[in-house]
Amino acid sequence: MFKTIFTLLMWNLHIFAYMDVVKITNIDQFNAYFYQPSVHPLVSVGDLSRANLDLYSPTDFGMYCVVLMDVDFGELVKCGNSVRYKPGTMFWLRPGQTVSMNLDHTVKPRGMMLAFREEFLEKCGLGRDFYMFDFFNHDVNEALELSLSEKNVILNSFANIQAELLTKSDYLTNHLVRLNIGLLLSYCKRYFERQFEERRPRANRGIKDRLDAVLDNYLSSGLPEQQGQPTVAWCAAQFNLSANYFGELVKREIHITAQDYIQDKIVIAAQQLLASTGMSINEIAEQLGFAYTTHFTRMFHNRTGVSPSEYRKKEVMR
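All residue numbers refer to position in the chain's written sequence, counted from 1. Given that this is a predicted model, residues contribute local features only at a pLDDT of at least 70 and side-chain atom pairs are listed and counted only at 80 or more, while totals for whole chains, interfaces and linings are drawn from all residues. Side-chain measures here rest on the full set of heavy atoms in the structure, leaving out hydrogens and waters.

Draft legend 1. Broad picture of the packing of helix α10 (residues 258-276) against helix α12 (residues 293-304). For helices, the axis comes from a line fit to the C-alpha atoms of the stretch in contact; other axes are also lines fit to C-alpha atoms, and the angle between any two N-to-C directions lies between 0 and 180 degrees. Helix numbers and strand numbers start at the N terminus; a helix is a DSSP run of H or I with at least 4 residues, a strand a run of E with at least 2. It is at 10 Å that the axes of α10 and α12 come closest, and there the two elements cross at 105°. Between α10 and α12, the angle is such that the two are roughly perpendicular. Taken together, the residues of α12 that come into contact with α10 (itself represented by Asp-260, Gln-263, Asp-264, Ile-266, Val-267, Ala-270, Gln-271 and Leu-274) are Phe-296, Met-299, Phe-300, Arg-303 and Thr-304. Classifying every residue of the contact of α10 with α12 by side-chain character gives 7 nonpolar, 3 polar and 3 charged. Under this scheme an angle from 65 to 115 degrees is roughly perpendicular, one under 35 degrees roughly parallel, and one over 145 degrees roughly antiparallel; angles in between are oblique. Throughout, a contact is declared for two residues whenever any of their heavy atoms are within 4.5 Å. Residue polarity is assigned by list, with Asp, Glu, Lys and Arg as charged and Ala, Val, Leu, Ile, Met, Phe, Trp, Tyr, Cys and Pro as nonpolar; anything else, Gly included, falls into the polar class.

Draft legend 2. Broad picture of the environment of Asp-212. Summarising the element assignment, Asp-212 is placed in helix α6 (residues 207-219). Excluding anything up to four places from it in sequence, Asp-212 contacts Tyr-261 and Lys-265. Polar contacts, as used here, are pairs of N or O atoms within 3.5 Å; protein pairs need one atom able to donate a hydrogen and one able to accept it. Residues neighboring in sequence count only if both atoms are side-chain atoms. Side-chain polar atoms of Asp-212 contact the side chain of Tyr-261, separated by 2.4 Å.

Draft legend 3. Quick look at the pairing of strand β9 (residues 111-116). Buried means the residue's accessible area, taken with a 1.4 Å probe over protein chains only, is under 20% of the maximum for its type, while exposed means over 50%, and partly exposed covers the values in between. For β9, the tally of buried residues reaches 6 of 6 residues, placing the bulk of the element in the interior. By the alternation rule, side chains of β9 split into Gly-111, Met-113 and Ala-115 and Met-112, Leu-114 and Phe-116, which are all buried. Here a strand pair is declared whenever DSSP counts at least two bridges between the two strands. Bridging between strand β4 (residues 64-69) and β9 involves 6 bridges; their strand directions are antiparallel. Its bridge partner lying in β9, Val-67 is registered against Met-113.

Read these as layout, nothing more, since geometry by itself doesn't imply function.
Below, the structure is given as structure tokens:
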């Protein structure tokens, strides 16, 4: 009975939380917050200093957004994560993400916001190259802090997009808007790489040793049998990073994908068990977190070129 009541209560709270999130479904709705007309059906630029304060309620903008916070006017909350940011910080949203602000009403908002619909990426160079802009998958605590000169470049990019949107439309309009959005995102990519390189020496020194320790401790703890294999997301959480950012970090530092590195560590643990214990293949698979022995055998063969039983035979013959 208690379990049923608790389940109903949590479901109701979920419904209320869902209802509290404003969903924006088109550019007209977006522009209404800025008291400006829609000059393009799929793209808009808004000045945060002119926005209705309702914009800062929990909102799913339903599109890709690029935001420059030019002053600290409250606490930013993205996907449930809160952060205090510095003036001149950028962050990004993809469709389906929720963002809000706990406003400091003593400070007037200032900044810029670009929004564009997914449809604007279809069948064009910007859409083809969009994979480069992987910062859309980063968490808010990995936002971009701009230098003064970088901020001026970004503001100029916003201005160029806005100027093209306000220019009388012709057959080149969409092409030029896409080029300017691509330029803005390319600058973001460059500056994010700069920030990554600057922070890497002090924040991520010795990541291979740290990751080895995390994986070795987990694989030998008995926990995989109850909780499953270590994943990229799980490892990232041990470093208080998002999975995407963690994956980039591992690839830069170790020159291998995080997924491949984890699988190699699992295979090494399996090799040790095969060589030094009498455990069956099924028991080893279970101990390392595999739900099915066939999955373990397939991964082991893919990484080593031999099956677990063949590997054991070779070790016995040595």
